[in-house]
Amino acid sequence: MSNIEKEKTQKQEIIYYTYTQNAENYILARQYAKAKEQYNLLNQNYPILFARDIHNAVRCAILSRDFKTAFLWSEKLALKGIELSYFNSKIFSGMRKNPEWKSFSIKYASVSKFTKRNWNLKLKKGLDDLLDEDQADYGIENRKSPKALHETTERVTGKLIDLLKKDGFPSEERIGSSVIRDTVLIPFPDFNVLILHAVQQNPKNLNDSKEL
């Protein structure tokens, strides 16, 4: 969030979050065509987008009955490693009946499979291991004392810093996006809880993690 606020204060420039905020406001007003245009502008100005924004952009295109744009946006989800089963959701029924669906689905499945081959699986496993270590003490059934939780977060944050210094930040392009029950996109990565706990516990190495 600090990065968002920092960007917003830079001379009131139009930034990534300006477009997404405008689009989301239009979505709340059910003005999907206008929201679609904001996402199109976002795409023109930023080469890499978050999966959650692509997820919204596809739906705005569909609700605007612009299937051509919906297919173009959908192709971007393959680069996040999201499988074709994601499109089993009811909102995509019109796309699945469209003549373009056959060629789209073949290409999509191929790109998604290729994308997964290029993931940093070592980085992904490292994050999963840290999550397990974190939740072993933060879990509801076996939650430790406040002092123990602080010690856990300081230890885990240190390991997270070492991991990121070695393997880089775990972007969606490097470890993929998460989907549950095939069709439900998780907008924020699981490892966010490690960052949240670091902010809450304020360990000695917090500044190092913020820089990364």
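See the structure shown above.
Let me begin by describing the structure that accompanies this report. Computed from a predicted structure; not experimentally measured.

About the criteria used
- Along every chain, residues carry numbers that run from 1 in the direction the sequence is written.
- Given that the model is predicted, a residue must reach a pLDDT of at least 70 before its local features are reported, and side-chain atom pairs must reach 80 or more before they are shown or counted; all residues, however, enter totals for whole chains, interfaces and linings.
- Computation of side-chain values covers all heavy atoms of the structure but excludes hydrogens and water.
- For this analysis, a salt bridge means a side-chain nitrogen from Lys or Arg found within 4 Å of a carboxyl oxygen belonging to Asp or Glu.
- Per the convention used, a helix needs a DSSP run of H or I reaching at least four residues, while a strand needs a run of E reaching at least two, with both numbered from the N terminus.
- A helix is expected to span 1.5 Å multiplied by its residue count minus one.
- Using a 1.4 Å probe on the protein chains alone, a residue whose accessible area is under 20% of its type maximum counts as buried, one over 50% counts as exposed, and one in between counts as partly exposed.
- Only heavy atoms matter for contacts: two residues are in contact if any of them lie within 4.5 Å across the pair.
- Pairing of aromatic rings covers Phe, Tyr and Trp, the last counted by its six-membered ring, and requires centre-to-centre distances within 6.5 Å; plane angles under 30 degrees mean stacked, over 60 mean edge-to-face, and any other angle means tilted.
- The arc refers to the directions leading from the helix axis to the C-beta atoms.

With respect to the pattern of salt bridges
Counted under the stated rule, the structure contains eight salt bridges. Close ionic contact of Lys-80 with Glu-173 constitutes a salt bridge, the shortest N to O distance being 2.5 Å. Of this pair, Lys-80 sits in the loop between helix H5 (67–78) and helix H6 (93–97) while Glu-173 sits in helix H10 (residues 172–175), and the two are 93 residues apart along the sequence. If you follow the salt bridges from partner to partner, you end up with Lys-80, Glu-172 and Glu-173 in one network.

Examining helix H4 (residues 51–63)
For H4, which comprises 13 residues, the first-to-last C-alpha distance of 18 Å matches the rise-based estimate of 18 Å (1.5 Å per residue) to within 8%. Across the 13 residues of H4, ten count as buried, placing the element largely inside the fold. The inward-facing, buried residues of H4 abut helix H2 (16–28), helix H3 (32–45), H5, H6, H10 and strand E2 (184–186). Arg-65, located one to two residues past H4, shows a positive phi value of around 60°.

Considering the packing of aromatic side chains
The full count for this structure, using the stated rule, is 14 aromatic pairs. Aromatic side chains Trp-101 and Phe-104 sit 5.3 Å apart centroid to centroid with 45° between the ring planes, which places their arrangement in the tilted category. With a gap of three residues between them, Trp-101 and Phe-104 both fall in helix H7 (residues 101–117), about one helical turn apart. Neither Trp-101 nor Phe-104 differs from the other in exposure class; each is buried.

Considerations on unusual backbone geometry
Positive phi, normally seen in glycine, also occurs at Arg-30, with a value near 60°. Along the chain, Arg-30 turns up in the loop between H2 and H3. A relative accessible area of 65% places Arg-30 in the exposed class. Of note, the phi angle at Arg-65 is positive, near 60°, even though the residue is not glycine.

Comments concerning helix H8 (residues 121–138)
Compared with the 26 Å implied by 1.5 Å per residue over 18 residues, the 25 Å span of H8 between its first and last C-alpha is a close match. Residues Leu-123, Gly-126, Leu-127, Leu-130, Leu-131, Glu-133, Asp-134, Asp-137 and Tyr-138 constitute the buried set of H8. Buried residues of H8, seen end-on, are gathered within an arc of 165° and therefore sit on one face of the element. For H8, exposure combined with an orientation more than 90 degrees from the buried face picks out Leu-121, Lys-122, Lys-125 and Asp-132.

Comments concerning the environment of Pro-189
Within the secondary structure, Pro-189 is located in the loop between E2 and helix H11 (192–201). Judged by its relative accessible area of 33%, Pro-189 is partly exposed. Separated by 17 residues in sequence, Pro-189 and Glu-172 place their C-alpha atoms 8.6 Å apart.

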